[in-house]
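Okay, here's what each chain looks like letter by letter:
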Amino acid sequence: MQKKQYWNVKTLVFMALLIAMHLVLTRVLVIDLGAYRISVGSVCTILAGLWLGPVAGGVCGLCADIIGCFMKGYAVNPFITVAAILWGVLPALAKPLFANRKKTGKVERPVKVLQFGEGNFLRAFVDYMIDIANEQGKFNGDIVLVKPIEFGSLDRFHDQECQYTVQLRGIVDGEPKRINRIVTSVADAVDAYGEYQKYADYAKLDSLRYIVSNTTEAGIVYDDTDRLEMEPPKSYPGKLTKFLYERYKHFNGAMDKGLVMLPVELIDDNGIHLKECVEKLAVLWNLEEGFKTWLDEACVFTSTLVDRIVTGYPRDEAEELCKEFGYQDNLIVTGEPFALWVIESAKDISKEFPLPDAGLPVIFTDNQKPYKQRKVRILNGAHTSFVLASYLCGNDIVLESMQDELIFNFMKATIFDEVIPTLTLPKQDLIDFAEAVITRFNNPYVKHALLSISLNSVSKWRARCMPSFLEYIKNEGKLPTHLTFSLAALMAFYTGTEIRDKALIGHRDGTEYQILDDAAVLEFFAANSSKDAAEYTHAVLSNEHFWGEDLTKLAGVEEAVTGYMEDIRALGMRAAMEKTFNA
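Residues numbered from 1 in each chain as written. Predicted model: local features only at pLDDT ≥ 70, side-chain atom pairs only at ≥ 80, totals over all residues. Heavy atoms only, no water.

**Q** A description of the pairing of strand 3 (residues 111-116) should follow, citing residues and the corresponding values.
**A** Counted residue by residue, strand 3 has five buried out of six residues, so it is predominantly covered. Both strand 3 and strand 8 (residues 210-213) contribute to a ladder of four bridges, which runs parallel. Across the sheet, the residue bridging to Phe-116 is Ser-213, located in strand 8. (Buried < 20%, exposed > 50% of the residue type's maximum accessible area, 1.4 Å probe, protein only. Helix = DSSP H or I, 4+ residues; strand = E, 2+ residues; numbered from the N terminus. Pairing = 2+ DSSP bridges.)

This is the structure:
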């Protein structure tokens with residue numbers, strides 16, 4: 001990460017001074033031995049490059065040589081002139097190789113982690129955590145990033161020696177804070193396509209132990225067109241299978257050379273699905289039984305749950321942040337302070353991957369499902385339960401919703417009174433997580449639009465809210481008031497008769513908004529949302545395609561939702577909520 005170059009008057013004056021000193025030291029204060037001349041004038045050109053950058057250094061060398069020739073009456077020799085320019089350019093270009101390590105305290109460590117994916121999330125989550133563990137002496141391992149796709153460039157990583165800044169911003173101890181960290185635990189970045197052999201050679205690295213991946217939800221798929229002879233195979237499972245096979249062969253099937261897979265792709269049981277793909281490819285490629293045994297016994301395929309909002313490169317603020325940092329960083333990543341990494345595996349890897357010992361929010365378990373349920377029901381469920389009502393109350397982002405007392409109280413009551421009682425983890429764990437969720441919703445640095453959250457709200461309500469809704473009815477023998485009202489809010493939000501540009505057009509205070517969902521869902525609401533409240537409610541609740549069952553068969557649900565819909569239509573969303581919850 002180099003200091004930014006500013007070509008202002010001060011810089012130009014400083015360059016002129018260095019050129020003048022160069023001329024004095026080269027043309028005046030020089031030791032002339034006849035055939036040889038000894039001077040230290042080039043030191044000024046070197047300093048120009050180191051202090052002001054390679055362009056300034058080259059310009060100083062060029063000007064000093066040309067002016068010196070005029071002073072002595074020599075003709076300009078282009079070879080000597082090029083050499084003079086290089087005195088200013090080369091030291092400046094070499095500076096980052098030494099300056100970065102000195103400035104950031106980067107140390108050489110054995111490479112333990114190969115990471116498929118160089119995107120923002122991995123760098124602000126996995127790499128950030130490993131960097132902290134390294135700093136505290138708990139891990140002592142570096143990361144090599146692999147670009148797993150053909151397009152894109154790694155130039156920015158190489159330009160910065162694979163170092164970059166993570167800025168976490170949010171509410172910490174009740175106050176808005178920004179936390180900066182220069183991550184120095186990435187040793188290299190390699191292109192699996194453009195540098196195949198270099199990438200493949202990491203399979204032979206004795207110190208390697210972990211494979212991290214984030215190849216998107218579509219990345220963990222079985223592709224029967226992949227071939228072992230491809231360099232590399234197309235799919236991520238194909239790349240991984242070949243990489244593991246090369247390692248197996250190189251170490252002659254040594255059981256202590258197996259690897260631990262840590263996929264963070266956002267699909268359920270990601271490690272189980274990844275292993276299934278690898279096993280299928282091993283059969284497709286007719287790999288020997290010994291390799292399949294090694295996969296089973298020497299390797300560990302974990303399934304993980306990850307949670308952190310990473311907002312990525314702060315394009316609008318990057319220049320200002322670089323001035324604040326004091327260096328140019330083209331790989332800045334921003335995110336929220338909250339993080340959670342749940343790692344499920346059949347074999348205990350907590351001792352060899354001791355991130356919790358560094359105070360990091362990593363949980364090792366043999367069953368991640370309660371943690372996933374907690375996240376989906378509390379975090380995602382809270383979003384889905386309040387955002388549609390909040391939008392129709394006039395709010396546009398989550399932060400505004402949290403500053404709206406009516407919506408805030410609605411959200412808190414939904415979580416603490418109706419969702420948490422249906423979950424199985426220890427109550428205090430659930431309360432702590434819920435409080436963290438509320439803090440995250442209040443993050444002043446995250447502008448999370450309600451309309452973006454509203455995408456596919458029907459399927460989201462079924463996955464995120466309906467399990468709590470049904471469990472509450474089963475346990476308490478009555479309707480959960482807030483979750484029931486959220487159904488009516490969904491119906492009110494999905495009110496419109498016109499589909500335009502693949503969106504159902506709704507109206508808030510005379511202004512249009514887009515309702516985005518599957519075509520069949522939008523067509524249903526376009527055909528039914530103009531009916532009277534009772535008929536509309538019956539059509540929605542009895543739609544088994546939406547909910548997987550007929551919700552009108554649940555005692556009292558249809559009557560309650562119909563009543564809420566009548567109030568919303570007659571009074572407006574805010575007044576209807578005040579009537580129901582502030583009475």
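**Q** Now, about unusual backbone geometry: what can you tell me, with residues and values included?
**A** A cis geometry characterises the amide bond from Glu-231 onward to Pro-232, with omega recorded as 0°. Position of Pro-232 relative to the elements: it lies in the loop between strand 8 and helix 9 (236-250). In this model, Asn-140 sits at a positive phi of 55°, which is unusual for a non-glycine residue. The topology assignment puts Asn-140 in the loop between helix 6 (126-135) and strand 4 (142-147). The exposure class assigned to Asn-140 is partly exposed, which follows from its relative accessible area of 44%. Here Asp-173, not a glycine, exhibits a phi torsion of approximately 55°, which is positive.

**Q** I'd like a description of the pattern of salt bridges, backed by residues and values.
**A** Evaluation of the coordinates by the stated rule reveals 24 salt bridges. Residues Arg-109 and Asp-142 are paired through a salt bridge, measuring 2.8 Å at the closest nitrogen-oxygen approach. Of the two residues, Arg-109 sits in the loop between helix 4 (78-104) and strand 3 while Asp-142 sits in strand 4, which places them 33 residues apart along the sequence. Neither residue differs from the other here; Arg-109 and Asp-142 are each classed as buried. In this structure, the salt-bridge partner of Arg-169 is Glu-317, at a minimum N-O distance of 3.0 Å. Of this pair, Arg-169 sits in strand 5 (residues 164-172) while Glu-317 sits in the loop between strand 12 (310-312) and helix 12 (318-325), and the two are 148 residues apart along the sequence. Exposure remark for Arg-169: the relative accessible area of 7% places this residue in the buried category. A relative accessible area of 30% means that Glu-317 is categorised as partly exposed. Via salt bridges that share partners, Asp-131, Glu-135 and Arg-181 belong to a single interconnected network. (Salt bridge = Lys/Arg side-chain N within 4 Å of Asp/Glu carboxyl O.)

**Q** Which residues make up a nonpolar patch on the surface, and what values go with them?
**A** Taken together, the side chains of Phe-14, Leu-17, Met-21 and Trp-51 present a nonpolar region at the surface, about 400 Å² in accessible area. No other element matches helix 1 (residues 9-28), which puts three residues into the nonpolar patch. Mapped onto the secondary structure, Leu-17 falls in helix 1. Look at Leu-17 and you get partly exposed, because its relative accessible area is 46%. (Patch = residues over 30% accessible without salt bridge, like charges linked within 9 Å, V, L, I, M, F, W, Y side chains within 5 Å. Areas by Shrake-Rupley, 256 points an atom, 1.4 Å probe, with all protein chains shown as cover.)

**Q** Describe in detail the sheet that holds strand 15 (residues 362-365), supporting the description with residues and values.
**A** Reading across the sheet, the three strands line up as 11-14-15 and stay open at both edges, with mixed pairing between neighbours. Lying at the two open borders of the sheet, with one neighbouring strand each, are strand 11 (303-307) and strand 15. On average, each strand axis in the sheet is tilted by 10° relative to the strand beside it, whichever way the strands run. In this structure, strand 14 (residues 340-344) lies alongside strand 15, joined through four bridges in parallel fashion. Its bridge partner lying in strand 15, Ile-343 is registered against Phe-364. Along the sheet face, helix 13 (residues 369-392) touches strand 11, strand 14 and strand 15 and points at about 30° away from the line of strand 11. (Axes fitted to C-alpha atoms, helices over the stretch in contact; angles between N-to-C directions. Contact = heavy atoms within 4.5 Å.)

**Q** Tell me about the nonpolar core, residues and numbers included.
**A** Counting residues in each nonpolar core, the largest one holds 74 residues, and the members touching the most others are Ile-378, Phe-525 and Met-573. At ten residues, the largest contribution of residues to this core is made by helix 13. What Met-573 contacts, discounting residues up to four positions off in sequence, is Ala-389, Leu-392, Cys-393, Phe-485, Ala-489, Ala-492 and Ile-568. In terms of nonpolar packing, the next biggest core, distinct from the first, is built from 41 residues, Leu-122, Met-129, Val-166 and Val-264 among them. (Core = buried A, V, L, I, M, F, W, Y, C linked by side-chain atoms within 4.5 Å.)

**Q** Provide a residue-level description of the side chain of Gln-368, including the pertinent values.
**A** Looking at the element boundaries, Gln-368 is found in the loop between strand 15 and helix 13. Here Gln-368 is in contact with Asp-269, Ser-303, Thr-304, Leu-305, Val-342 and Glu-344, once residues within four sequence places are set aside.

**Q** Give me the lowdown on the environment of Phe-70, citing residues and values where you can.
**A** Positionally, Phe-70 belongs in helix 3 (residues 54-72). Taking C-alpha positions, Phe-70 is 68 Å from Tyr-248, a pair spaced 178 residues apart along the chain.

**Q** Just give me the short version of the packing of aromatic side chains, but keep the residues and values in it.
**A** Taken as a whole and judged by the stated rule, the model has 35 aromatic pairs. Between Phe-525 and Tyr-536 the ring centres are 6.3 Å apart and the planes differ by 85°, which places this aromatic pair in the edge-to-face class. Of this pair, Phe-525 sits in helix 20 (residues 519-528) while Tyr-536 sits in helix 21 (residues 533-541), placing them eleven residues apart in sequence. Overall, Tyr-536 belongs to the buried group, its relative accessible area being 0%. (Phe/Tyr/Trp six-rings, centres within 6.5 Å; stacked < 30°, edge-to-face > 60°.)

**Q** Give a description of the confidence of the model for the protein chain that names residues and reports values.
**A** Within the protein chain, residue pLDDT values average 93, and 96% of them lie at 70 or more. Taken together, the stretch residues 2-6 has pLDDT below 50 and engages in 13 contacts with residues farther than four places along the chain or on a different chain. (pLDDT = per-residue confidence, 0-100.)

**Q** Before we move on, can you summarise the pairing of strand 14 with the specific residues and values?
**A** Burial analysis of strand 14 places five of its five residues in the buried class, which makes it a mostly covered element. Residues Leu-340, Val-342 and Glu-344 point to one face of strand 14 and Trp-341 and Ile-343 to the other, with burial holding for every one of them. Bridge analysis of strand 11 against strand 14 gives five bridges, and the strand direction is antiparallel. Of the residues in strand 14, the one forming a bridge with Ser-303 is Glu-344.

**Q** Tell me about the side chain of Gln-160, residues and numbers included.
**A** Within the element layout of this structure, Gln-160 appears in the loop between helix 7 (155-159) and strand 5. A polar contact is formed between the side chain of Gln-160 and the side chain of Asp-329, at a distance of 2.9 Å. (Polar contact = N/O pair within 3.5 Å; in protein donor to acceptor, adjacent residues only side chain to side chain.)

**Q** How would you sum up the sheet that holds strand 13 (residues 333-335)? Please name residues and give values.
**A** Taken together, four strands build an open sheet; the order of strands is 6-5-13-12 and the sheet is mixed. Each of the sheet's edge strands pairs with one partner strand only, and the pair in question is strand 6 (175-183) and strand 12. Taken over all neighbouring pairs, the strand axes of this sheet differ in orientation by 20° on average, direction set aside. Judged from the three bridges that link them, strand 5 and strand 13 form a sheet pairing that is parallel. Following the sheet pairing, Gln-167 is matched in strand 13 by Thr-334. Along the sheet, helix 6 makes contact with strand 5 and strand 6, crossing strand 6 at roughly 75°.

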